[in-house]
Amino acid sequence: MVIASREVPFATSTTDTSEIPLTAIEYFAGVGLFRMGLERAGWSVEFANDWDGERAQIYEGFFGDKYEIRDIFSVSHEQIPHATLATCSFPCIDLSLAGKRQGIHGQHTGAFWGFHELLKCQGSNSPPIVLLENVPGWLSSNGGDDFYATATALNDLDYACDVFVVNARSFVPQSRSRVFMVGVKGATASTGFTNPRSTRLMPAKLKKLVDANSAIDWMQLDVPEPPPFRSEGFSSEIVEEIPDDSSLWWPQEKVEKHLRMMSPAHLEFVNYLTNRDEISHRTFFRRRRVVGQRAEVRSDDIAGCLRTAVGGSGKQFMVSVGQGSTRMRTLTTREYARLQGVPDEYPIVANSERQSLSAFGDAVCVPVISWIANEVLNPLTVALSHKR
């Protein structure tokens, strides 16, 4: 299956890739935000796969074509065209506390091994570059053993690995750290990293894992420092204008219930904003604490990390305050999409709000992928082409 290219404005790149085919395979495609980010950096997706037909519906609504809807273990390597890059945003649930830390061999996250098997079966036809993405829990799951198993699995297929962390907050008003592992087939490997990196790209936990796992074939790419973190933008760039009489706004008794769920410090902050002349918007989550369920409000103009809309703590909520008024509601699907760097031109074709919130909450942030493509993948592809 060849996926038709779509005209998307490219992000700025200083690397000339005009003579190099930037082709990719998109595994665990979801709603296609990996594809959207890559396309903005000059890449084209030749084949995509995911098992979720509902997310495929949203994908098709924007890109106008379908991907292969099936479990990755049932995808045949013979279907997959040769490409330069394979992306793997494998399921995260078993790496988190919510998934009971079943890890890389768990029911969901274990889908990574389907990806691994496809690369293995492709043999010499497998992509020279792979890009894995997952949550920070990947680093601590089962004491770091799951992270080690992932890198070892790529090494076994002759991919040397680099790894770094990028927070979407460098690009959008959302705090969202994700771990990225780049594998390059046949690259010269070392037992560690020789050049120091900032704690933004390599937090202490990641550095400790790399240093501790000297048996891994590591390599170190030239990954520049990401842009500075955003300090504002949620209110001005993300929030939709919702009519006062919309049913999206919670009834007063529900608002008061959530105000009672706040700690004294959080309630004091909301009351302060309520008494100001300007309208402010802040996000909050419901958390289960020792004292009971709490509604915890962010003090900055940045959204918390989006999640799948499963359970009371999955959704992200908003309090709109000022001029003596306090209102609350769930973030809309469009606001979720905006926080992931998706333009409003992206039509959201979904059967339910829960479906679409989960789909975007579980996706990658588009400008993060574009930045990695422009700053890391494109120069790497040029360098590999010169070695042939």
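Numbers given to residues run from 1 along each chain, matching the order in which its sequence is written. Given that this is a predicted model, residues contribute local features only at a pLDDT of at least 70 and side-chain atom pairs are listed and counted only at 80 or more, while totals for whole chains, interfaces and linings are drawn from all residues. In computing side-chain properties, one takes all heavy atoms of the structure into account and sets aside hydrogens as well as water.

**Points about the packing of aromatic side chains**
Between 30 and 60 degrees the pair is tilted, below 30 it is stacked and above 60 it is edge-to-face, where a pair is any two Phe, Tyr or Trp rings, Trp via its six-membered ring, whose centres lie within 6.5 Å. In the structure shown here, the tally under the stated rule is 18 aromatic pairs. On the numbers, 6.1 Å between centres and 55° between planes, the contact of phenylalanine 171 with tryptophan 371 is tilted. Taken together, the residues phenylalanine 171 in the loop between β6 (159–167) and β7 (177–185) and tryptophan 371 in helix α12 (residues 366–387) connect sequence positions 200 residues apart. Neither phenylalanine 171 nor tryptophan 371 differs from the other in exposure class; each is buried. Between the aromatic rings of tryptophan 250 and phenylalanine 284, the centroid separation amounts to 6.2 Å while the plane-to-plane angle is 85°, which identifies the pairing as edge-to-face. Secondary structure elements follow DSSP: runs of H or I no shorter than four residues count as helices, runs of E no shorter than two count as strands, and numbering proceeds from the N terminus. Buried, partly exposed and exposed residues are distinguished by accessible area as a fraction of the type maximum, computed with a 1.4 Å probe on protein chains only: under 20%, between the cut-offs, and over 50%, respectively.

**Quick notes on the packing of helix α2 (residues 53–63) against helix α11 (residues 353–361)**
Axes, fitted as lines to C-alpha atoms, cover a helix only where it is in contact. Angles between the N-to-C directions of the axes lie from 0 to 180 degrees. Contact geometry of α2 with α11 gives a least axis separation of 10 Å together with a crossing angle of 80°. As judged from the angle between their axes, α2 and α11 are roughly perpendicular. The residues of α11 that touch α2, namely those facing Glu54, Arg55, Gln57 and Ile58, are Gln355, Ser356, Ser358, Ala359 and Phe360. Looking at the contact of α2 with α11 residue by residue, the class counts come to 3 nonpolar, 4 polar and 2 charged. Any angle that is under 35 degrees is reported as roughly parallel, and any over 145 degrees as roughly antiparallel; angles of 65 to 115 degrees are reported as roughly perpendicular and all others as oblique. Every residue pair with non-hydrogen atoms within 4.5 Å of one another is taken to be in contact. Each residue gets one label: Ala, Val, Leu, Ile, Met, Phe, Trp, Tyr, Cys and Pro are nonpolar, Asp, Glu, Lys and Arg are charged, and the others, such as Gly, are polar.

**Considerations on the sheet that holds β6**
Two strands are said to pair when DSSP picks up at least two bridges between them. Pairing in this open sheet of 7 strands is mixed, and the strands run β3-β2-β1-β4-β5-β7-β6 from one edge to the other. The sheet is open, and its two edges are formed by β3 (68–69) and β6, each paired on a single side.

**A look at the sheet that holds strand β11 (residues 325–330)**
Picture the strands of a sheet paired through backbone hydrogen bonds; they go either parallel or antiparallel. Taking strand neighbours across the sheet as the criterion, the 4 strands line up as β9-β8-β10-β11 in an open arrangement whose pairing is antiparallel. Unpaired on one side and paired on the other, β9 (292–297) and β11 mark the two borders of the sheet. In this sheet, adjacent strand axes meet at a mean angle of 30° when their direction is disregarded. On the sheet, helix α8 (residues 252–260) packs against β8 (280–289), β9 and β11 and is oriented at approximately 95° with respect to β11.

**Some words on the nonpolar core**
Of all hydrophobic cores here, the largest spans 66 residues; its most connected members are Leu33 and Ile372. Not counting residues up to four positions away in its chain, the partners in contact with leucine 33 are Glu26, Gln340, Val342, Tyr346, Phe360, Ala363, Val364 and Val366. We define the nonpolar core as a collection of buried residues of types Ala, Val, Leu, Ile, Met, Phe, Trp, Tyr and Cys that are connected through side-chain atoms lying within 4.5 Å of one another. One finds Tyr27, Ala149, Phe193 and Val210 within the second-largest nonpolar core, a separate group that totals 42 residues.

**Some words on the pattern of salt bridges**
Here, a salt bridge means any side-chain nitrogen of Lys or Arg that lies within 4 Å of a carboxyl oxygen of Asp or Glu. Following the criterion strictly, the structure yields 19 salt bridges and no others. The closest approach of N and O atoms between arginine 169 and aspartate 300, which form a salt bridge, is 3.8 Å. Of this pair, arginine 169 sits in the loop between β6 and β7 while aspartate 300 sits in the loop between β9 and β10 (317–322), and the two are 131 residues apart along the sequence. The buried category is assigned to arginine 169, whose relative accessible area is 17%.

**A closer look at the side chain of serine 356**
The residue serine 356 is located in helix α11 in this model. Given the relative accessible area of 3%, serine 356 is considered buried. With near-sequence residues (within four places) excluded, serine 356 lies in contact with Ile58, Thr333, Ile348 and Ala350.

**Digging into the confidence of the model for the chain**
Averaged over every residue, the pLDDT of the chain is 90; residues scoring 70 or more account for 92%. Per-residue confidence from the predictor is reported as pLDDT, a score between 0 and 100. Across residues 1–12 the pLDDT falls below 50, and counting only partners more than four positions away or on other chains, this stretch makes 33 contacts in the model.

**Details of the environment of glutamate 256**
Position of glutamate 256 among the secondary structure elements: in helix α8. Classification of glutamate 256 as partly exposed rests on a relative accessible area of 37%. Sequence separation between glutamate 256 and methionine 328 is 72 residues, and the spatial gap between their C-alpha atoms is 9.7 Å.

**Here's the deal with the side chain of serine 320**
Summarising the element assignment, serine 320 is placed in strand β10. Since its relative accessible area comes to 3%, serine 320 is described here as buried. Polar contact criterion, stated in full: a pair of N or O atoms within 3.5 Å, where within protein one must be able to donate a hydrogen and the other to accept it, and residues adjacent in sequence count only if both atoms are side-chain atoms. One polar contact links serine 320 to histidine 281, side chain to side chain, over a distance of 3.2 Å. Apart from residues lying up to four places away in sequence, serine 320 is in contact with Trp249, Ile279, Ser280, His281, Ser325, Thr326 and Arg327.

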